[in-house]
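Examination of the molecular architecture
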Amino acid sequence: MKKQVHLMDDKAINRAITRIAHEILEKNKGAKDIVLVGIKTRGVPLAHRLVEKIKLIEEVVVPVGVLDITLYRDDLTKENLDPVIHGSKIHIDINGKKVILIDDVLYTGRTVRAALDALVDIGRPNTIQLAVLVDRGHRELPIRADYVGKNVPTAKDEVVKVNLEEIDKNNFVIIEKL
């Protein structure tokens, strides 16, 4: 049996999202020209939750997009030459906007690097910022998050597992030791 450590429950996730929403608004002096872009898969519901928090705080609906980075990943192998592509859905012009990428866990930085490549193929934002629910360390690339729900030092043989209601039917974050 895998050893699990409970990191966040539903309330802790909600508090982290509320704090991140306030930090985004503070740093950007409001919601003007902000576009949230969720990285598939769990970054998307987190982006939608942030939109709702910002709406409660500022009474403004911030546009949200979905970014599929499948073809931009540097870990596609010969065995995995038929990746499942869900497609990006960004129905707003991101040129000159403040784009905030949203993801669940920041680890090596490779997912974010792929997201940056995909995003600049779509347009030229004024700035790109990064918000993550969990930063677990062990970066392989010089990437850091602007907004972090929880910093968690981990070992390389551990996995941070995020479950979200919209996908997994429950909300929690755990660490599993392999």
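Look up: the structure comes first, before these words.
Report on the accompanying structure. On a predicted model such as this, the values are computed, not experimentally measured, just so you know.

All right, on to the side chain of aspartate 135 then. For aspartate 135, the location among the structural elements is in strand β5 (residues 127-135). From its side chain, aspartate 135 meets the backbone nitrogen of glycine 137 in a polar contact 3.0 Å long. A distance of 2.9 Å separates polar atoms of two side chains, one belonging to aspartate 135 and the other to arginine 139.

A word on the nonpolar core. Ranked by size, the top nonpolar core spans 32 residues in total, and within it Met8, Leu36, Leu133 and Val173 carry the most contacts. The element best represented in this core is helix α1 (residues 10-27), accounting for eight residues. If sequence neighbours within four positions are ignored, methionine 8 has contacts with Ile13, Ala16, Leu133, Val134, Lys150, Phe172 and Val173. Formed by 20 residues, the second largest nonpolar core is a distinct cluster that contains Leu106, Val112, Ala145 and Val148.

This part covers the sheet that holds strand β1 (residues 3-8). Two strands in a sheet stick together by hydrogen bonds in their backbones, pointing the same way (parallel) or opposite ways (antiparallel). Within the open sheet, the three strands sit side by side as β1-β8-β7. Their pairing is antiparallel. Two strands lie at the open edges of the sheet, namely β1 and β7 (158-163), each paired on one side alone. Within the sheet, the average angular offset between the axes of one strand and its neighbour, ignoring direction, is 25°. Sheet topology places β7 next to strand β8 (residues 172-177); six bridges connect them, and they run antiparallel. From the neighbouring strand, valine 159 faces β8, where its bridge partner is glutamate 176.

On to the sheet that holds β5, then. Strand order across the open sheet formed by five strands is β3-β2-β4-β5-β6, with parallel pairing between neighbours. Single-partner strands in this sheet number two, and they are β3 (64-67) and β6 (147-151). Neighbour-to-neighbour, the strand axes of the sheet open up by a mean angle of 25°, direction not taken into account. Pairing analysis gives four bridges linking strand β2 (residues 34-39) to β3, with the strands arranged parallel. In the strand pairing of β3, isoleucine 39 is matched with leucine 67. Against the sheet, α1 contacts β2, β4 (98-106), β5 and β6, and its axis sits at roughly 150° relative to β6. The strands touched by helix α3 (residues 110-122) are β2, β3, β4 and β5; relative to β4, the strand with the most contacts, the crossing angle is about 155°.

Conventions we followed
- Numbering of residues starts from 1 in every chain and runs along the sequence as written.
- At least 70 in pLDDT is required for a residue's local features to be given in this predicted model, at least 80 for side-chain atom pairs to be given and counted, and no such filter applies to totals for whole chains, interfaces and linings, which use all residues.
- As a convention, hydrogens and water are excluded, and side-chain values are obtained from all of the structure's heavy atoms.
- Helix and strand labels come from DSSP, where a helix needs a run of H or I of at least four residues and a strand needs a run of E of at least two; each type is numbered from the N terminus.
- Under this definition, polar contacts are N or O atom pairs within 3.5 Å; protein pairs additionally need one hydrogen-donor-capable and one acceptor-capable atom, and for neighbouring residues in sequence, both atoms have to be side-chain atoms.
- To define a nonpolar core, start from buried Ala, Val, Leu, Ile, Met, Phe, Trp, Tyr and Cys residues and group those joined through side-chain atoms within 4.5 Å.
- Type-normalised accessible area, obtained with a 1.4 Å probe on protein chains alone, sets the label of each residue: buried when under 20%, exposed when over 50%, and partly exposed for intermediate values.
- By definition, residues are in contact when any of their heavy atoms lie within 4.5 Å.
- For two strands to pair, DSSP has to find at least two bridges joining them.
- Note on geometry: axes are lines fitted to C-alpha atoms, helical ones only across the stretch in contact, with angles between N-to-C directions running from 0 to 180 degrees.

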